[in-house]
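Read off the chains here:
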Amino acid sequence: DLKGTVELANGTRMPYLGLGVFQTPNNEIKNAVHAALDFGYRHIDTAAFYENEDGLGEAIKSHSISRKEIFITSKVWNTDQGYDETIRAFGESLKKLQTDYLDLYLVHWPIKGKYTDTWRALETLYEEGRIRAIGVSNFLQHHLEDVMATGKIVPMVNQMEFHPHLVQQDLIDFCKKHSIQYEAWSPLMQGGIFEIDLLKDLSEKYSKSIAQIVLRWDLQKGVVTIPKSVKKNRIEENASIFDFEISEEDMKKIDALDCNERIGPHPDKI
Ligand code: NAD
């Protein structure tokens, strides 16, 4: 069911499936979020960078489902990194979202020379009870090791670009070993998956859409996923992945599409 959750290292439960709202403008976000909540989504992924936290705050406030039933993620943007800057940026995000806590707050990118201070700020906010779980995004193994060596708390989530052309299995295994939940961004390759022949074949075989095949593959790999759409029918389609199972053999075939190809920047080059 849509309320399928994973337990993070500190016991917080995070829904496996969420709605991504990157490139969803403030004038479209209410419709998208209401369609998602109506269908059963309880997890929304935003960031200060997306400039729609205020729209998301309004969307949640104007829906009958209460704030505390919804898992909200936001992220501190690159230009706000550093200890004091992050504390301030977090306050601004809360104000825009019209809430007094976040479920998950992430360091958006590993900005060299800054991200360990940024992480200390997240630890402070977490210890003050203002965030239910803290994590990072776009952190490779060496960034994670750096934070683990200098910080007190191991990140609970690592949100990474992840789709059939970019699996990074070694990083997934490293995260698993350290109880860092892996989460996929651009799980649909921003639309790129629809041209892949194997996925077309599997779509026919399982009588599921290509998006559903790929999102189900995420789920079976234990990866939290946050596909983006503003269209009601796609929002519903993307969440209808709990009624079938991809065979082990087909899972491996999808894994084998990996060619280490990114659509976003390399985390060491940001
Ligand atoms: P995505 O892979 O989710 O693709 C979204 C696009 O795919 C849509 O715009 C639409 O064109 C298409 N689509 C969606 N559902 C479809 C369907 N059922 N059938 C056909 N086409 C469909 O791309 P994304 O938005 O980049 O990634 C998802 C979320 O990940 C973002 O919204 C954001 O929340 C997060 N994200 C995080 C980072 C980061 O650095 N942490 C970076 C990018 C995205």
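Residues numbered from 1 in each chain as written. Predicted model: local features only at pLDDT ≥ 70, side-chain atom pairs only at ≥ 80, totals over all residues.

K.L.:
How should I be thinking about the overall build of the chain in this particular structure?
P.N.:
Secondary structure assignment for the chain yields ten helices and ten strands. The globule rule puts the C-alpha radius of gyration for 270 residues at 18 Å, and the 18 Å found for the chain is close to it. Dimensions along the principal axes, computed over C-alpha positions, put the chain at roughly 55 × 40 × 30 Å. The buried share among the 270 residues of the chain stands at 45%. Restricting the contact set of the chain to residue pairs at least 6 apart, pairs at least 24 apart contribute 73%. (Helix = DSSP H or I, 4+ residues; strand = E, 2+ residues; numbered from the N terminus. Rg over C-alpha atoms; globule rule 2.2 N^0.38 Å. Buried ≥ 20, exposed ≤ 12 C-beta atoms within 10 Å, placed from the backbone. Contact = placed C-beta atoms within 7 Å.)

K.L.:
Sorry, what's going on with the site of the ligand here?
P.N.:
In the vicinity of the ligand, 25 residues are found, and the nearest of them are Gly20, Phe22, Trp185, Leu188 and Lys228. A total of three residues in the shell around the ligand trace back to one element, the largest contributor, which is helix 9 (residues 232-238). Along the lines of polarity and charge, the residues of the shell around the ligand split into nine nonpolar, twelve polar and four charged. (Near = placed C-beta within 6 Å. Nonpolar A, V, L, I, M, F, W, Y, C, P; charged D, E, K, R; others polar.)

K.L.:
What should I look at first to understand the sheet that holds strand 7 (residues 131-137) in this one?
P.N.:
To summarise the sheet geometry, strands pair through backbone hydrogen bonds and adopt either a parallel or an antiparallel arrangement. Strand order in the open sheet made by the eight strands is 3-4-5-6-7-8-9-10, with parallel pairing throughout. Whereas interior strands pair on both sides, the edge strands pair on one side only; in this sheet they are strand 3 (19-20) and strand 10 (224-225). As paired elements, strand 6 (residues 102-107) and strand 7 share five bridges and run parallel to each other. Looking at the pairing, Val107 lines up with Val136 of strand 7. Packing against the sheet, helix 3 (residues 83-97) makes contact with strand 5 (71-76) and strand 6, and its axis sits at approximately 140 degrees to strand 5. (Pairing = 2+ DSSP bridges. Axes fitted to C-alpha atoms, helices over the stretch in contact; angles between N-to-C directions.)

K.L.:
What am I meant to see in the packing of helix 2 (residues 53-61) against helix 3 here?
P.N.:
Axes are the key here: two packed helices are described by the angle between their axes and the distance separating the axes. Where helix 2 contacts helix 3, the axes come no closer than 7 Å and their chain directions differ by 40 degrees. Taken together, the axes of helix 2 and helix 3 lie oblique to each other. Along the contact surface, helix 2 presents Glu53, Asp54, Leu56 and Gly57, while helix 3 presents Ser93, Lys96 and Leu97. A per-class count over the contact of helix 2 with helix 3 returns two nonpolar, two polar and three charged. (Parallel < 35°, antiparallel > 145°, perpendicular 65-115°, else oblique.)

K.L.:
Would you take a moment to explain the pairing of strand 7 for this structure?
P.N.:
Note on strand geometry: in a regular strand, side chains alternate between the two faces of the sheet. Within strand 7, seven of the seven residues are buried, which leaves it mostly tucked inside the rest of the structure. Chirality of the crossover, the property in question, places the unit of strand 6, helix 4 (residues 115-127) and strand 7 among those that are right-handed. For strand 7 and strand 8 (residues 157-161), the ladder comprises two bridges, and the chain directions are parallel. Considered in strand 8, the bridge of Val136 is made with Asn158. At this point the chain moves from strand 7, through helix 5 (residues 141-150), to the parallel strand 8, and the crossover so formed is right-handed. (Right-handed = clockwise from strand over helix to strand, strands pointing away.)

K.L.:
Help me understand the UniProt feature "site: Lowers pKa of active site Tyr" (unreviewed entry) in the chain, please; the structure alone is not making it clear to me.
P.N.:
Mapped onto the present numbering, the UniProt feature "site: Lowers pKa of active site Tyr" (unreviewed entry) falls at Lys75. Looking at where Lys75 falls in the secondary structure, it is placed in strand 5. In this structure Lys75 touches Ala47, Ala48, Leu106, His108 and Ser137, once residues within four positions along its chain are discounted. (UniProt positions renumbered as here; feature names shortened; annotations may be inferred.)

K.L.:
What is the right way to look at the nonpolar core in this model?
P.N.:
A general tendency of soluble globular proteins is for nonpolar side chains to be buried together. Core analysis: the biggest nonpolar cluster contains 58 residues, and Leu19, Val33, Leu56 and Tyr105 have the highest contact counts within it. With residues up to four places along the chain from it excluded, the contact list for Tyr105 reads Ser74, Phe90, Leu122, Leu125, Ile131 and Ile134. Counting residues in hydrophobic clusters, the runner-up holds 14 residues, among them Ile193, Ile196, Leu199 and Ile213. (Core = buried A, V, L, I, M, F, W, Y, C linked by C-beta atoms within 7 Å.)

K.L.:
What's the story with the packing of helix 4 against helix 5 in this structure? I'm lost.
P.N.:
Following both chains from N to C, one finds helix 4 and helix 5 inclined at 55 degrees, their axes separated by 10 Å at the closest point. Compared by their axis directions, helix 4 and helix 5 come out oblique. At the point where helix 4 passes helix 5, the crossing takes the right-handed sense. For the pair helix 4 and helix 5, the contacting residues are Tyr115, Thr116 and Trp119 in the first and His143, Asp146, Val147 and Thr150 in the second. A class-by-class count of the residues in the contact of helix 4 with helix 5 yields three nonpolar, three polar and one charged. (Left-handed = near helix turned anticlockwise from the far one by under 90°.)

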